[in-house]
Amino acid sequence: MYIAQGKQGKLGLWKYLPIPLVFIGLLGIQYLFVKVMDIDMAALMEKEILSRGKNSVFVEGMLFMAVFLAALIFWVKFVHKQSILSLTTSRKKTDWGRILFVFGLMSSFIIISTLAVYFLYPDTYQINFEPKPFLILAIIAVLLVPIQTSFEEYLFRGYLMQGVGIATNSKLAALIFTSVLFGVMHIANPEVDKIGPIIMVYYIGTGLFLGIITLMDEGLELALGFHAANNLVTVLLVTADWTALQTDSIFIDVSDPSSGYEILFPVLVIFPIFLFILSKKYQWSDWKGKLLGVVN
């Protein structure tokens, strides 16, 4: 039902290509440039941060996403002639209760797990809290991070999920395609160089999880809330000097990044637990039809 709502707009394969091609194309050009020029992304980011400050670099990245979110909304509304509500949910109106519930659930998990690691393994994190820089970061993050995460959700779990689903008449094809593409989008992140290609399992697994909850819940609300909580709470609570988002967070992760269970644990354990909780709360049924069925 959610995917089929894309049929409310004016269809046409060419209409689904410009926004994704420009966005992915720019990321691809950046990735190729980095590889061809053999640039150390972590060192480059450190240089930029020393030159312009963490907040400036952070805001620049967020504004890039804000421009694309505005472009996507304009394109959907005026080229596809599709309502933003039909891109958001199959319900009569956006369910903010769903967004807030999963936002609170994910935020609680991040905070509790981070504090647990800090107290059990104190050498992992270094306290970095300074009131003024943190307050500035909090204001910036609260304003801009939800825009960044909303763009990614509207592009992958919304626009492309509906477009690919309608084109192939397959929910599974839409789920797999958008999940893999979501993972590939992160390939230029410094984390990939630092940890290795195995981190793509986490990125693609995250895309798969977000795609599943979107299809099972017939809307983007849960994915929007989960993604916003993940990015917002993380940039406020703990970052590291080898990640894509480096901020004046409360903690700095000073441990050596691992490519072991820390990558697989969320995909194999945490995401299934979240699926179980959400499926019980929202009484999901017909998993086969909603994930593997045809687009009606």
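Fair warning: this is a prediction, and the values are worked out from it, not measured in the lab.

Analysis parameters
- Residues numbered from 1 in each chain as written.
- Predicted model: local features only at pLDDT ≥ 70, side-chain atom pairs only at ≥ 80, totals over all residues.
- Heavy atoms only, no water.
- Core = buried A, V, L, I, M, F, W, Y, C linked by side-chain atoms within 4.5 Å.
- Buried < 20%, exposed > 50% of the residue type's maximum accessible area, 1.4 Å probe, protein only.
- Helix = DSSP H or I, 4+ residues; strand = E, 2+ residues; numbered from the N terminus.
- Contact = heavy atoms within 4.5 Å.
- Axes fitted to C-alpha atoms, helices over the stretch in contact; angles between N-to-C directions.
- Left-handed = near helix turned anticlockwise from the far one by under 90°.
- Nonpolar A, V, L, I, M, F, W, Y, C, P; charged D, E, K, R; others polar.
- Salt bridge = Lys/Arg side-chain N within 4 Å of Asp/Glu carboxyl O.
- Expected span 1.5 Å × (residues − 1).
- Phe/Tyr/Trp six-rings, centres within 6.5 Å; stacked < 30°, edge-to-face > 60°.
- Lys NZ or Arg CZ within 6 Å of the ring centre and 35° of its normal.
- Polar contact = N/O pair within 3.5 Å; in protein donor to acceptor, adjacent residues only side chain to side chain.
- Patch = residues over 30% accessible without salt bridge, like charges linked within 9 Å, V, L, I, M, F, W, Y side chains within 5 Å.
- Areas by Shrake-Rupley, 256 points an atom, 1.4 Å probe, with all protein chains shown as cover.

Of all hydrophobic cores here, the largest spans 59 residues; its most connected members are Leu-155 and Ile-213. Mapped onto this core, the elements with two or more residues apiece are helix H1 (18-36), helix H3 (54-78), helix H5 (96-120), helix H6 (131-168), helix H7 (171-185), helix H9 (199-217), helix H10 (221-237) and helix H11 (261-281). Examining the composition of this core, we find that 9 residues originate from one element, H6, more than from any other. With near-sequence residues (within four places) excluded, Leu-155 lies in contact with Ile-19, Pro-20, Phe-23, Leu-72 and Leu-160. With 12 residues, the next largest nonpolar core counts Phe-58, Ile-140, Val-235 and Leu-236 among its residues.

Moving on, we get to unusual backbone geometry. Comment: phi is negative for the bulk of residues other than glycine, and the bulk of peptide bonds are trans. One non-glycine residue, Asn-169, lies in positive phi territory at about 60°. At Asp-286, a position not held by glycine, the phi torsion is positive, near 55°. Following the sequence through the fold, Asp-286 ends up in the loop between H11 and helix H12 (287-292).

The next point concerns the packing of H7 against H9. Close contact between H7 and H9 brings their axes to 8 Å; oriented N to C, the two are set at 140°. For the pair H7 and H9, the crossing hand works out as right-handed. Note on element contacts: H9 touches H7 through Met-200, Tyr-203, Ile-204, Thr-206, Gly-207, Leu-208, Gly-211, Ile-212 and Leu-215, opposite Lys-171, Leu-175, Ile-176, Ser-179, Val-180, Phe-182, Gly-183 and Val-184. By residue class, the composition of the contact of H7 with H9 is 11 nonpolar, 5 polar and 1 charged.

Next up on the list: the pattern of salt bridges. Once their charged atoms are close, side chains differing in charge can pair, the charge on each being opposite to the other. Scanning the entire structure with this criterion turns up 5 salt bridges. Arg-91 serves as the salt-bridge partner of Glu-221, at 2.8 Å between the closest nitrogen and oxygen. Of the two residues, Glu-221 sits in helix H10 while Arg-91 sits in the loop between helix H4 (84-88) and H5, which places them 130 residues apart along the sequence. Relative accessible area serves as the criterion here: at 0%, Glu-221 is assigned to the buried category. Taking relative accessible area as the criterion, Arg-91 reaches 22% and is therefore assigned partly exposed. Among the ionic pairs, Asp-217 bridges to Arg-98, the shortest N-O distance being 2.7 Å. With Asp-217 in helix H9 and Arg-98 in helix H5, this residue pair connects regions lying 119 residues apart in the sequence. With respect to burial, Asp-217 and Arg-98 carry one shared label: buried. Bridged by salt links that share partners, the residues Arg-91, Asp-95, Arg-98, Asp-217 and Glu-221 form one connected network.

The next point concerns H3. The terminal C-alpha atoms of H3 lie 37 Å apart, and with 25 residues this matches the ideal 36 Å at 1.5 Å per residue to within 8%. Buried within H3 are the following residues: Asn-55, Val-57, Phe-58, Met-62, Met-65, Phe-68, Leu-69, Leu-72, Trp-75 and Val-76.

The next point concerns the packing of aromatic side chains. According to the stated counting rule, one finds 23 aromatic pairs in the structure shown. Three or more aromatic residues link up through ring pairs in this structure, and these residues are Phe-109, Tyr-202, Tyr-203, Phe-209, Phe-226, Phe-271 and Phe-274. The residue whose ring lies beneath Arg-157 is Phe-182, and the NZ or CZ to ring-centre distance is 4.3 Å. The ring centre of Phe-101 lies 4.6 Å from the NZ or CZ of Lys-281, which sits over that ring.

Looking at where Ser-86 falls in the secondary structure, it is placed in helix H4. The exposure class of Ser-86 is buried, given its relative accessible area of 4%. One polar contact links Ser-86 to Gln-82, side chain to side chain, over a distance of 3.1 Å. Those residues in contact with Ser-86 that sit more than four places away from it in its chain are Tyr-2, Gln-5, Gln-8 and Gln-162.

When the terminal C-alpha atoms of H6 are compared, their 52 Å separation across 38 residues agrees well with the 56 Å that a helix rising 1.5 Å per residue should span. Taken from the residues just after H6, Asn-169 is the one with a positive phi, measuring 60°.

Take a nonpolar patch on the surface next. Taken together, the side chains of Ile-198, Val-201, Tyr-261, Leu-264, Phe-265, Leu-268, Val-269, Ile-273, Phe-276 and Ile-277 present a nonpolar region at the surface, about 890 Å² in accessible area. For the nonpolar patch, the leading source of residues is H11, giving 8 residues. Residue Leu-268 is classed as exposed on the basis of its relative accessible area of 61%.

None of the figures reported here should be taken as evidence of function without further support.
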